[in-house]
Amino acid sequence: MSETLVAPPSVFSPVVFRRSLGDALEMAHGVDAVAAEERAGSLAKRSLKKDSKVWGLKLAISMIDLTTLEGKDTRGKVWALCQKAIRPDPSDREIPHVAAVCIYPSLIPFVKQALAGSGVKVASVATGFPSGQTFTSIKVEETRQAVAAGADEVDMVIDRGAFLSGDYQKVFDEVAEVKEACGPAHLKVILETGELANYDQVRKASLIAMYAGADFIKTSTGKVTVNATLPVTLVMLEAIRDFHHVTGKKIGMKPAGGISNAKLSLAYLVLLYETMGPEWMTPDLFRIGASSLLNDILMQIGKERTGAYQSGDYFTLD
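Asks: What should I look at first to understand the side chain of Ser206 in this one?
Replies: Mapped onto the secondary structure, Ser206 falls in helix 9 (residues 199-212). Overall, the relative accessible area of 0% leaves Ser206 in the buried class. With near-sequence residues (within four places) excluded, Ser206 lies in contact with Leu191, Ile217, Met236 and Ala239.

Asks: What exactly am I supposed to notice about the environment of Cys82 here?
Replies: By the secondary structure assignment, Cys82 is in helix 4 (residues 75-86). Distance from Cys82 to Val120, taken between C-alpha atoms, is 8.7 Å for residues 38 residues apart in sequence. Those residues within four positions of Cys82 in sequence are excluded, and the remaining contacts are Val101, Val111, Ala114 and Leu115.

Asks: Before we go on, may I ask you to explain the nonpolar core in this structure?
Replies: Ranked by internal contacts, the top residues of the largest apolar core, which has 96 residues, are Val101, Val111, Val189, Ile240 and Ile297. In this structure, Ile297 is in contact with Leu57, Ala60, Ile61, Ile64, Ala262 and Ser265, ignoring residues within four places of it in sequence. If you look at the next biggest cluster of nonpolar residues, it comprises eight residues, including Ala100, Ala123, Phe129 and Ile190.

Asks: What am I meant to see in the side chain of Arg160 here?
Replies: Considering the arrangement of structural elements, one finds Arg160 in helix 7 (residues 160-164). Residue class for Arg160 comes out buried when judged on its relative accessible area of 7%.

Asks: Please clarify how the pairing of strand 3 (residues 64-67) should be interpreted in this entry.
Replies: Looking along a regular strand, one sees the side chains alternate between the two faces of the sheet. Residues Ile64 and Leu66 line one face of strand 3 and the alternating positions Asp65 and Thr67 line the opposite face, and both faces are buried. Relative to strand 4 (residues 100-103), strand 3 runs parallel, the two sharing three bridges. For Leu66, the partnering residue across the bridge sits in strand 4 and is Val101. On the question of chirality, the crossover connecting strand 3 to the parallel strand 4 by way of helix 4 is right-handed.

Asks: Would you take a moment to explain helix 8 (residues 168-182) for this structure?
Replies: The first and last C-alpha atoms of helix 8 sit 21 Å apart over 15 residues, in line with the 21 Å expected at 1.5 Å per residue. Those residues of helix 8 lying buried are Tyr168, Val171, Phe172, Glu174, Val175, Val178, Lys179, Ala181 and Cys182. Positive phi shows up at Gly183, right after helix 8, with a value of about 55°.

Asks: Could you clarify how one ought to interpret helix 12 (residues 293-306) in this entry?
Replies: Because the α-helix completes a turn every 3.6 residues, residues three or four places apart line up on one side. With 14 residues, helix 12 should cover 20 Å at 1.5 Å per step; its first-to-last C-alpha distance of 20 Å lies within 8% of that length. The buried fraction of helix 12 is high, at ten of 14 residues. Packing partners of the buried residues in helix 12 comprise helix 3 (50-62), strand 3, helix 4, helix 11 (262-276) and strand 10 (288-290).

Asks: I would appreciate a short explanation of the state of the cysteines in the present structure.
Replies: Any covalent bond linking the sulfur atoms of two cysteines counts as a disulfide. Scanning the entire structure with this criterion turns up zero disulfides. Considering cysteine sulfurs only, Cys82 is the nearest to Cys102, which forms no disulfide, with 12 Å between them. Taking the relative accessible area as the measure of exposure, Cys102 reaches 0% and is therefore buried. Cys182 takes part in no disulfide bond, and the closest cysteine sulfur, belonging to Cys102, lies 13 Å away.

Asks: Would you explain the pattern of salt bridges in this entry?
Replies: Two side chains bearing opposite charge may form a pair once their charged atoms approach each other closely. Counted according to the given criterion, the structure contains 23 salt bridges. A salt bridge links Lys223 to Glu70, with the shortest nitrogen-to-oxygen separation between them at 3.7 Å. Taken as a pair, Lys223 in the loop between strand 8 (216-218) and helix 10 (230-247) and Glu70 in the loop between strand 3 and helix 4 lie far apart in primary sequence, 153 residues in all. Under the relative-accessibility criterion, Lys223 is labelled partly exposed at 35%.

Definitions and limits used
Just so you know, the residues in each chain are numbered from 1, in the order the chain's sequence is written. In keeping with the predicted nature of the model, local features appear solely for residues at pLDDT of at least 70, side-chain atom pairs appear and are counted solely at 80 or more, and the whole-chain, interface and lining totals rest on all residues. Processing note: side-chain calculations cover all non-hydrogen atoms of the structure and skip hydrogens and water entirely. Each helix corresponds to a stretch of at least 4 residues labelled H or I by DSSP, and each strand to a stretch of at least 2 residues labelled E; elements are numbered beginning at the N terminus. Accessibility here uses a 1.4 Å probe with only protein chains present; expressed as a share of the type maximum, an area under 20% marks a residue as buried, one over 50% as exposed, and anything in between as partly exposed. Should any heavy atoms of two residues lie within 4.5 Å, those residues are counted as being in contact. For our purposes a nonpolar core is just a set of buried Ala, Val, Leu, Ile, Met, Phe, Trp, Tyr and Cys residues, chained together by side-chain atoms within 4.5 Å. When DSSP locates at least two bridges between a pair of strands, those strands are taken to pair. If you view a crossover with the strands going away from you and the path from the first strand over the helix to the second runs clockwise, you call it right-handed. Expected span of a helix, by definition, is 1.5 Å for each gap between consecutive residues, and there is one gap fewer than residues. By definition, disulfides here are pairs of cysteine sulfur atoms that lie within 2.5 Å. Any Lys or Arg side-chain nitrogen located within 4 Å of an Asp or Glu carboxyl oxygen qualifies as a salt bridge.

Next comes the structure, spelled out in structure tokens:
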């Protein structure tokens, strides 16, 4: 049932808007696939030079959600990852810290302690990650426990089975319930776009997630064959732009999975700037989910300064 809600105070614009599945579906028009792919391809060819490139690479670092989501994650591995998140290059104090460290819920208290006072956020996956195929009550309870344990951000996954079978109400209601369970934490909603078949479905899922209360929408879990792509990210950014025009509410975007080199990270920043403008060029509204990207960016920054790549042996493995 439609209702008028007030968004909680945060870095996102506090505005009044209707949280309505009907409103989401009304905005879910078809996407011109050829145009989306051509525009994304064209923007990806843009290049940044010298100082602008170094600035962009540093900005990309500040937007990274440094991620480890493996069943074999240990405290030792995660502690090292946290130190790298805080000081990506200990020899260069001009390199910013990353935006967040993203881990499984059981590691939240340990990561919270490791990152204390650093400014790096604690992000946790939840809701039956990566499949999302569990009971709604369990999804909600896992979210509550993650926030209680110290998560600043929760990355949930939608029920793709429900979405693909046309049960949009279930998807909407689950996002809304998880958002309520988040309390003060920000909610990132993972669409798993590689499983959604086409751009029309990506736009529809984006709008459902935003109208249900998402603070961010995210492409992927990183656990399927097809993860983030530039055309999919463009479609999602355009949905965010249209949603903002209608509601006045700013929603963040997080491409994740497969973004492993500096050149590609800059292509995403160009896409962001050309679609959303300078206002969205901040970690508050754009993140890059990655595990191996950081080292390549650090090597690229070194090349821009010295003219030569440093060996990967000079950097810790993520």
